[in-house]
Amino acid sequence: MRKYKKPLPADYTGRKPTQRPSSFWQETDLQNKEPTLLELLEALAQPGCPICFLAARSVSRHIEAYCRDSVTDVPVRDHLRAANGYCTRHAHQFLDMQDSLAAAITYADILKKMIGIIDRTPDKDARSPIVNAIRRIFRVRDSRARPLLPERQCPACEEQQVSERRYLTGLIAHLGESAVREVFISSQGLCLIHLPVAVDLADGEKLRTLVNVQRRAWSQLRGHMNEIVRKADYRFTSERITDEERDSLLDVIERMAGKREIR
C-alpha cells in the first residue's frame, strides 16, 4: 500500500522551493537570451530526454502554482470540475505536493458535482425490456453514464502538451546556434515520444544533427542490450553485467516510451 508523508499541520504543505540545478543561468553571455533557450541548455545537461525533463517540470510547476495561488480561482476550478479533477497520473502527483487543504477543497467540489449527477441517474428498469433488447441488437450506446464522464481534458495534461510543443519548437529553432548544437551533440538525443515531432520540425543541417545524435545514442544502447543478451549465454555466465549495462535497461525504456511522468 502506498504511503504518503504526513503534511505539515501549520501550513498544510510540504512543498520545497524550486531550485535550478544548472550554471547556464549564471553565465553572463547567456543571460540576455530568451528563457526557453536557457531551459533547453539546462535540460540537455541532464540525463535522458530533455523534452521529458522540461515537460515533467512544467507540470510540477503547474500543479504547485495551483496549490499556491489558484485553489479559489473560479475559472481554474471550473476547468478542474469539468475534467472531474486530474487524470490518474496527475492526481497522484497532485497528492505528492502534500497540500491537504488544496486537495480537500478541490475534491470536495468535484464530489459535490458527482453526487448531483448520480442522484439524477435514472433507474435502469425505467425502460421496457423490448426497448433495451432493441438497443442491444443495434448496439446503441447507452448515454446514461455519459454525465459521469469528464467534459474537459485534465488541465495538467493540457499544460504538458503545451510545454512539450513549446520546448520541441524551441529546440529545433535554436539547434543551429553553436551553444545548443554543441550541448545537443554531446547528449543522448530524444525519446521516441518526442523524436517524431522534432523530425517533422527540423530540416537541413538541423535534421542531420538530430538524426546523427539519435543514431549514435540508439547504437550505444543497442550495444548494451546485446551485451546483456550475450552474457545470458551459458558460455559467458562468468561475465557479470556492468552497472552501465544495468542502468541501460531503465534508459532504454525511457528512450522508447518516455519518462514515467510523461505518459
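Refer to the structure presented above.
Residues numbered from 1 in each chain as written. Predicted model: local features only at pLDDT ≥ 70, side-chain atom pairs only at ≥ 80, totals over all residues. Heavy atoms only, no water.

Undergrad: Would you take a moment to explain the packing of helix α1 (residues 35–44) against helix α7 (residues 155–174) for this structure?
TA: Two numbers describe how α1 lies on α7: the axes approach to 10 Å, and their chain directions differ by 90°. With respect to α7, the element α1 is oriented roughly perpendicular. Residues Thr 36, Leu 37, Glu 39, Leu 40 and Leu 44 of α1 lie in contact with α7, whose contacting residues are Tyr 167, Gly 170, Leu 171 and His 174. Considered class by class, the residues forming the contact of α1 with α7 number five nonpolar, three polar and one charged. (Axes fitted to C-alpha atoms, helices over the stretch in contact; angles between N-to-C directions. Helix = DSSP H or I, 4+ residues; strand = E, 2+ residues; numbered from the N terminus. Parallel < 35°, antiparallel > 145°, perpendicular 65-115°, else oblique. Contact = heavy atoms within 4.5 Å. Nonpolar A, V, L, I, M, F, W, Y, C, P; charged D, E, K, R; others polar.)

Undergrad: How should I be thinking about unusual backbone geometry in this particular structure?
TA: Both trends apply: most residues other than glycine have a negative phi, and most peptide bonds are in trans. Positioned with a positive phi, Asn 84 is a non-glycine residue whose angle comes to about 60°. Of note, Asn 84 is situated in the loop between α3 (74–82) and α4 (88–96). Exposure remark for Asn 84: the relative accessible area of 17% places this residue in the buried category. (Buried < 20%, exposed > 50% of the residue type's maximum accessible area, 1.4 Å probe, protein only.)

Undergrad: Explanation requested: helix α5 (residues 100–119) in the structure shown.
TA: Since one α-helical turn is 3.6 residues long, residues separated by three or four positions face the same way. Compared with an ideal rise of 1.5 Å per residue, which puts 20 residues at 28 Å, α5 spans 28 Å between its outermost C-alpha atoms and is within 8% of the ideal. Taken residue by residue, α5 has Ala 102, Ala 103, Thr 106, Asp 109, Ile 110, Lys 113, Met 114 and Ile 117 as its buried positions. Mapping the buried residues of α5 onto a view down its axis gives an arc of 145°, with all of them on the same face. Exposed side of α5, more than 90 degrees from the buried face: Leu 111, Lys 112 and Asp 119 are the residues found there. Tucked inside the fold, the buried residues of α5 contact α2 (50–70), α3 and α4. (Expected span 1.5 Å × (residues − 1). Arc of directions from axis to C-beta.)

Undergrad: Help me understand the side chain of Glu 245 in this model?
TA: Mapped onto the elements, Glu 245 comes out in helix α11 (residues 243–257). Among the polar contacts listed, one links the side chain of Glu 245 to the side chain of Lys 231, at a separation of 2.9 Å. In this structure, Glu 245 is in contact with His 224, Glu 227, Ile 228, Lys 231 and Arg 240, ignoring residues within four places of it in sequence. (Polar contact = N/O pair within 3.5 Å; in protein donor to acceptor, adjacent residues only side chain to side chain.)

Undergrad: Sorry if this is basic, but what is going on with the packing of α1 against helix α8 (residues 178–185) here?
TA: Any two packed helices are characterised by the angle at which their axes cross and by the distance between the axes. Running from amino to carboxyl end, α1 crosses α8 at an angle of 20°, the nearest separation of the two axes being 9 Å. Between α1 and α8, the crossing angle belongs to the class labelled roughly parallel. Here α1 and α8 pass one another in a crossing that is left-handed. Along its contact with α1, which presents Leu 37, Leu 41 and Leu 44, the element α8 presents Ala 179, Val 180, Val 183 and Phe 184. When grouped by side-chain class, the residues that make up the contact of α1 with α8 number seven nonpolar, no polar and no charged. (Left-handed = near helix turned anticlockwise from the far one by under 90°.)

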